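Remarks on the overall topology
What follows is the residue order along each chain.
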Amino acid sequence: MRPVILKYLAEEKMLSADGDAPGFTPLVVLELASDTKQEAIAWLLSRIRDLQQNGGAELLVQQLGLGVCAVEKENPNVFLVGASRQRLLSGAEEVGLFKEFNDGSMRAFTCTNKHDFRDFKGDGDGFLSMAECQYIIKHELDTLRAKDETHVPGHAEAKLYPGKSIIRRLQSKGILVQVFPLHEKEELKRLCFSWYKKVKVSLQPLDDIRRYYGEGQALYFGFLEYFTFALVPMALIGVPYYLFDWEDYDKYVVFAVFNLFWCTLILELWKRRSASLAYHWGTLSRKKAFEEPRPGFHGVLGFNPVTGREEPLYPNAKRQLRIYLVSLPFVLLCLYLSLYVMMIYFEMEGWALSIHDQEPTTWTGILLFIPSIIYAVVIEIMNLIYRYAAEFLTEWENHRLESSYQNHLVLKVLVFNFINCFASLFYIAFVMQDMVLLRQVRLSSSQPHSFPPFLLQFLVFLFPSLVRPSSISSCWIQSGLLVGVLGIYTSSQ
């Protein structure tokens, strides 16, 4: 569907002076299901266009295909959402955007002193970046909440109550198919040539990336750039350990200690770097006390005593009861199951070794790999199932702020994934105290002929983490710390 939308987008922009939407610039696309009732579409568009004091978003909406060959479209229920320049500026004040002041400091933007900001000229054209405009539109759509409706008109199964997020309910019921931002072709082309299409080796244009994609994506690519350079010293020191097979394991203590200190150092240096970027981009000083409720947050509609705005209210005591009486016991139970599966793996491996020792053949040699392969697959399945369970529980806990939701979700997933994936290594080192097996795992990279079954399990775990960009940093930093701890311990034995 997106290629069809982009095909007609250029023609749609030519209609910007038509009707009641002067200067209309589409920023976000809403696609409703093709079988959506007309009364539901009319109700949603009226809520989006309605004034803020009436509970609306006060945005501009046009249906894709007006004035062009609409019969060729696969789905007629596609709408372009934008906003007037004044509405975007008032939205920037609502979400608490920080912009550079005339004295060089970063201050929260307000419409009353808008001319005191450095890049504000004329009526504010070009003052807000593409990413900021689309962020404001998304924020206004996410905070669009039901008033006295009991259900979506024409869809009795889509229940509503005062304070419920309309967009979230439409998405959960399949009425709203997708919401996505639009590209600006000329700006994207300029970014491509200044970024990855340059032949010259240079640093990434983080400010340009941030202006087009937003602070989150710019910080992500900034971390990749920083982490790439941070790996260079580890690679240089690790080359001799890869090329030479040293029998004196005391030499590995140097590399293990270096891993420990260097992993800690690069994390501390990244904190300074990220804080510098956050201040430069105006995200460091945003006050979390005035953070808007997340779209999935629900409760009784009331007035926030801090902001004075109408929003859902939910007792914090009830949330804490859900966390400590349901979520915490569930996480502990999952950790117990993970350790229990680990013990089953060691019993399977012991059984395979006993068969191979009694009658060593080619088939019994292959049998040695089976427990590790099974355990590696089980680990990934358990991680996947637990991830869905953790998301469900964190959603059920009903956190008000997106930051609180993410913190609780990351904590659940991180603790389980670390225990599930690395507990067996610590069990070998500190309980079984099988230094031969542990050294095989550590030294197999410098001995191509040695490929123990346990290493197969470790590599199968590691590979999916590498192909998921969001987990690259945590995976390698945790692995570096793990190698350092186990390296010092095994070398001292």
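Look up: the structure comes first, before these words.
The present account deals with the structure reproduced in this document. (Residues numbered from 1 in each chain as written. Predicted model: local features only at pLDDT ≥ 70, side-chain atom pairs only at ≥ 80, totals over all residues. Heavy atoms only, no water.)

Turning our eyes to something else, we now look at the sheet that holds strand β1 (residues 28–32). Pairing within the open sheet is antiparallel, and its four strands lie in the order β2-β3-β1-β8. Only two strands of the sheet have a single neighbouring strand rather than two, namely β2 (60–63) and β8 (176–181). Pairwise comparison of adjacent strand axes, ignoring direction, gives a mean angle of 20° for this sheet. Pairing analysis gives four bridges linking β1 to strand β3 (residues 78–82), with the strands arranged antiparallel. Within the sheet, the bridge partner assigned to V28 lies in β3 and is V81. Sitting on the sheet, helix α4 (residues 130–142) touches β1, β3 and β8, and the angle it makes with β1 is about 40°. (Pairing = 2+ DSSP bridges. Helix = DSSP H or I, 4+ residues; strand = E, 2+ residues; numbered from the N terminus. Axes fitted to C-alpha atoms, helices over the stretch in contact; angles between N-to-C directions. Contact = heavy atoms within 4.5 Å.)

To continue, consider the pattern of salt bridges. One pass over the structure, following the stated rule, counts 17 salt bridges. The shortest N-O distance in the salt bridge between E149 and R47 comes to 3.1 Å. Of this pair, E149 sits in the loop between α4 and β6 (151–152) while R47 sits in helix α2 (residues 38–49), and the two are 102 residues apart along the sequence. Linking R168 and E395 is a salt bridge whose minimum nitrogen-to-oxygen distance equals 3.5 Å. Within this pair, whereas R168 is found in helix α5 (residues 166–172), its partner E395 is found in helix α12 (residues 370–396), the two being separated by 227 residues in sequence. What makes R168 partly exposed here is its relative accessible area of 27%. (Salt bridge = Lys/Arg side-chain N within 4 Å of Asp/Glu carboxyl O. Buried < 20%, exposed > 50% of the residue type's maximum accessible area, 1.4 Å probe, protein only.)

By size, the foremost hydrophobic cluster in this structure holds 43 residues, and its most contacted members are I48, L59, L88, L128, I137 and V152. Of all the secondary structure elements, the ones that give two or more residues to this core are β1, α2, β3, α3 (85–95), α4 and α5. Per element, the largest residue contribution to this core is six residues, and it comes from α2. Setting aside its immediate chain neighbours within four residues, I48 contacts L30, A57, E58, L59, V61, L141 and L144. Within the second largest apolar cluster, ten residues are counted, among which are V331, C334, L409 and F416. (Core = buried A, V, L, I, M, F, W, Y, C linked by side-chain atoms within 4.5 Å.)

As a further point, take the packing of aromatic side chains. Across all of its chains, the model carries 20 aromatic pairs by this definition. Each ring, one from F120 and one from F127, has its centre 5.2 Å from the other, and the planes form 70°; the classification is edge-to-face. In this structure F127 comes out as buried when scored by relative accessible area, which is 3%. Chaining the aromatic ring pairs together yields one cluster made of F101, F109, F117, F120 and F127. Above the face of the F127 ring, K99 is positioned so that its terminal group lies 5.0 Å from the ring centre. A cation over an aromatic ring shows up here: R294 above the ring of Y405, its NZ or CZ 4.1 Å from the ring centre. (Phe/Tyr/Trp six-rings, centres within 6.5 Å; stacked < 30°, edge-to-face > 60°. Lys NZ or Arg CZ within 6 Å of the ring centre and 35° of its normal.)

Our focus in this paragraph is unusual backbone geometry. Positive phi outside glycine occurs at E58, with the angle close to 60°. Positionally, E58 belongs in the loop between α2 and β2. Of note in this structure, N398 is not a glycine but carries a positive phi near 65°. Residue placement: N398 occurs in the loop between α12 and α13 (402–432).

Another aspect to go through is the environment of G91. Structurally, G91 is set in helix α3. On the basis of relative accessible area, G91 is assigned to the buried category, the value being 0%. Residues G91 and E140, spaced 49 residues apart in sequence, show a C-alpha to C-alpha distance of 7.9 Å. Ignoring anything within four residues of it in the chain, the contact list for G91 reads I136 and E140.

The analysis is restricted to geometry; functional conclusions fall outside its scope.
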